[in-house]
Amino acid sequence: MDELVNRTLQRLPYDEDGRWSNATSVLPTLGTFAEVRDDSDFPDETSRFSRPLLTFAAVTTITIMVTGIFGNLLTIVALLRCPKVRNVAAAFIISLCIADCLFCIIVLPFNAMRFIQGTWMHGETLCTLITFMQYGSVGVSLLCITMISINRYIMIAHYSIYPKVYKTSWIMVMIIACWLFSYGFQLPTLFGVWGKFGYNHQLGTCSILPDDEGRSSKTAMFIIAFIIPCIIIVICYSRIFCVVHKSDKRMKNHSKSQCNIPNNLRSAVDPASPLSAGSSSSANNNSISYTASSSAVKVAGTRSAADARDAKARRNEWRITKMVLAIFLSFVFCYLPITISKIVDKNVSYPVLHIIGYIMLYLSACMNPIIYVIMNKQYRQAYKTVIFCKPSRLLGFGGSSVGEMERHRVQLQPQSYHGVPSFNSRTRVAPIQPTTPRFAAPTTFSRHSR
């Protein structure tokens, strides 16, 4: 207070003898004193941002907040209730939705009030805590996307180690590690050891500020928590597309080789064909022809059903992989504007750029449920199950859910298209060979016994 009085007294008009020149000249100065007193901590943003622009930002922020809370909560409930969408990726997606939901519930209401009131009016403590929660939830979101990308890569390119790595206990460890690292990395800044959280008067928002010694964690956080995860995600998806491209090429070559074989010779050429084995059995023993043919048809039907389930599982996993890639691209798209605007326009010469950057930053919290609806049919069905209150099993991510689905996927993985692996070129599994049926004397079906 004394500092403000001294600053005000220095502005008073004195004459040559050290006296005030006139009383009327003091009145504007008193008005300046009131303005300095009000704006000393958190200056009014209307001096740089127009009122219509702030109103638009406030309405958009509230809309994003409501949409994000509803969409993320709906996704969490749907993934927990519907077994069809419950897999390893779903566990990380639930963690991602929780982080986005916390962002919408805790961070966005205060930012909306900042736009409505034209400045931050909730004190230094809340400014520190809200900034801590904002950076923490953003870090958790990006780390969860990174974990899902690594999961997709291991499942497609290194499936032999997939069941060993993604057990229920390890999944929980990975998710907890994402949260601990994201918030733990900010503890030095929270306690003022490595930068500090506070109100940035120049940008008009709560952010990370340099500490008394001029240190700030912004650069390290940008490299460790943003650049490195993005590089990991890009590498994973580059390897995924290479593996898928090689697999498609191998499938096409196999299809061409099959087309070059005459139809009447395919069953004889293919050693794995159960029908050829059945025919040879009927030729060797006429008395068991009916039983051998029936057994061959059953083997062929079982194999075709397994191939169909295998193809369906691969298509579903590939849809999830593309969906996660879309989530990552939307994340980068939403965070680039605010990053570019803070680097290019440090003096806030173009306020519209900063408002658009803030809105795009907030938009990332409600984009993921929209992507789920657009890109995945099973997620749409899960949402309908929750919205229309259809009955469904409520299971956790224990052995009865994830473990069961992974065991089922292991059974489907080895063979497709008569010995050609689906994604993993290192997998070598022998084709299914029909076994010679064993017949007991009383149950032999033949023309003579009839």
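What you see is a predicted model, and the numbers here were worked out from it, not measured in a lab.

Cut-offs used in this document
- Residues numbered from 1 in each chain as written.
- Predicted model: local features only at pLDDT ≥ 70, side-chain atom pairs only at ≥ 80, totals over all residues.
- Heavy atoms only, no water.
- pLDDT = per-residue confidence, 0-100.
- Helix = DSSP H or I, 4+ residues; strand = E, 2+ residues; numbered from the N terminus.
- Contact = heavy atoms within 4.5 Å.
- Buried < 20%, exposed > 50% of the residue type's maximum accessible area, 1.4 Å probe, protein only.
- UniProt positions renumbered as here; feature names shortened; annotations may be inferred.
- Disulfide = S-S within 2.5 Å.
- Core = buried A, V, L, I, M, F, W, Y, C linked by side-chain atoms within 4.5 Å.
- Salt bridge = Lys/Arg side-chain N within 4 Å of Asp/Glu carboxyl O.
- Axes fitted to C-alpha atoms, helices over the stretch in contact; angles between N-to-C directions.
- Left-handed = near helix turned anticlockwise from the far one by under 90°.
- Nonpolar A, V, L, I, M, F, W, Y, C, P; charged D, E, K, R; others polar.
- Patch = residues over 30% accessible without salt bridge, like charges linked within 9 Å, V, L, I, M, F, W, Y side chains within 5 Å.
- Areas by Shrake-Rupley, 256 points an atom, 1.4 Å probe, with all protein chains shown as cover.
- Parallel < 35°, antiparallel > 145°, perpendicular 65-115°, else oblique.
- Polar contact = N/O pair within 3.5 Å; in protein donor to acceptor, adjacent residues only side chain to side chain.
- Pairing = 2+ DSSP bridges.
- Expected span 1.5 Å × (residues − 1).
- Bend = angle between axes of the 7 residues up to and from the residue.

**Let's talk about the confidence of the model for the protein chain**
In this model, the protein chain carries a mean pLDDT of 74, and residues with pLDDT of at least 70 account for 64%. Put simply, helix α2 (residues 26-39) is where the protein chain has its lowest mean pLDDT, 40, and helix α7 (residues 168-184) is where it has its highest, 95. Note on residues 18-40: pLDDT under 50 across the span, and 24 contacts to partners over four residues away in sequence or across chains. The low-confidence segment residues 394-450, where pLDDT is below 50, has 113 contacts with residues more than four positions distant or belonging to other chains.

**With respect to the side chain of S149**
Position of S149 relative to the elements: it lies in helix α5 (residues 123-157). The exposure class of S149 is buried, given its relative accessible area of 0%. In contact with S149, not counting residues within four places along its chain, are I233, C236, Y237, I240 and V324.

**Considering the UniProt feature "transmembrane region" (unreviewed entry) in the protein chain**
Mapped onto this numbering, the UniProt entry annotates "transmembrane region" (unreviewed entry) at residues 53-80, 87-112, 132-153, 165-185, 220-242, 323-340 and 352-374. Here residues 87-112 is 96% helix and 0% strand, with 36 Å between the C-alpha atoms at its ends.

**So, the state of the cysteines**
Counted according to the given criterion, the structure contains one disulfide. With a sulfur-sulfur separation of 2.1 Å, C127 is cross-linked through a disulfide to C206. Across the S-S bond of C127 and C206 the torsion is about -130°, and the bridge reads as left-handed. A residue pair is termed long-range when its members are at least 10 positions apart, and C127 in helix α5 and C206 in strand β2 (residues 205-209) qualify at 79 residues. Overall, C206 belongs to the buried group, its relative accessible area being 10%.

**Brief notes about the nonpolar core**
In this structure, I355 and Y372 are the most contacted members of the largest nonpolar core, which totals 95 residues. Once residues lying within four places of it in the same chain are set aside, the contact partners of Y372 are T75, I93, L96, C97, M323, I327, Y379 and Y383.

**Thoughts on the pattern of salt bridges**
Across all of its chains, the model carries two salt bridges by this definition. Between D211 and R215 there is a salt bridge, and its shortest N-O distance comes to 3.2 Å. The class for D211 is buried, based on a relative accessible area of 10%. Exposure remark for R215: the relative accessible area of 39% places this residue in the partly exposed category. Bridged by salt links that share partners, the residues D211, E213 and R215 form one connected network.

**Side note on the packing of α5 against α7**
At a minimum axis distance of 8 Å, the contact between α5 and α7 shows a crossing angle of 145°. Read as a crossing pair, α5 and α7 show a hand that is right-handed. Counting all contacts with α5, which are made through F132, M133, Y135, G136, S137, G139, V140, L143, C144 and M147, the residues of α7 involved are M174, C178, W179, F181, S182 and Y183. Its residues assigned to classes, the contact of α5 with α7 comprises twelve nonpolar, four polar and no charged.

**Thoughts on a nonpolar patch on the surface**
On the surface, F181, F222, I223, I224, I227, I228, I231, I232 and I235 cluster together into a nonpolar patch covering about 720 Å² of accessible area. Its place among the elements puts I231 in helix α9 (residues 218-259). I231 sits in the partly exposed class, given a relative accessible area of 46%.

**A few points about the packing of helix α3 (residues 51-81) against helix α14 (residues 377-387)**
Two elements in contact, α3 and α14, have axes whose closest approach is 9 Å; the angle formed by their N-to-C orientations is 95°. Between α3 and α14, the angle is such that the two are roughly perpendicular. The residues of α14 that touch α3, namely those facing L74, T75, V77, A78, L79 and R81, are Y379, A382, Y383, T385, V386 and I387. The residue makeup of the contact of α3 with α14, split by class, is nine nonpolar, two polar and one charged.

**Describing the side chain of T60**
Position of T60 relative to the elements: it lies in helix α3. T60 sits in the buried class, given a relative accessible area of 18%. Polar contacts involving the side chain of T60 include one to the main-chain carbonyl oxygen of F56, which spans 2.8 Å.

**Overview of the pairing of strand β1 (residues 196-200)**
On a regular strand, each side chain points to the face opposite its neighbour's, so the side chains alternate between the two faces of the sheet. Counting buried positions over the five residues of β1 gives four, a clear majority of the element. Judged from the five bridges that link them, β1 and β2 form a sheet pairing that is antiparallel. Across the sheet, G198 pairs through a bridge with S207, a residue of β2. In this antiparallel pair of consecutive strands, β1 and β2, the connection spans four residues, and G204 shows a positive phi of 70°.

**Focus on helix α4 (residues 88-117)**
The end-to-end C-alpha separation of α4 is 44 Å, in line with the 44 Å expected for 30 residues at 1.5 Å each. Of all bends in α4, the biggest is about 40°, found at V107, and the proline P109 comes one to four residues later. The buried fraction of α4 amounts to 21 of the 30 residues, a majority that puts the element mostly inside the structure. Its side-chain oxygen placed 3.3 Å from the backbone nitrogen of A89, N87 serves as the N-cap of α4. Just downstream of α4 lies G118, where phi reads positive at about 85°.

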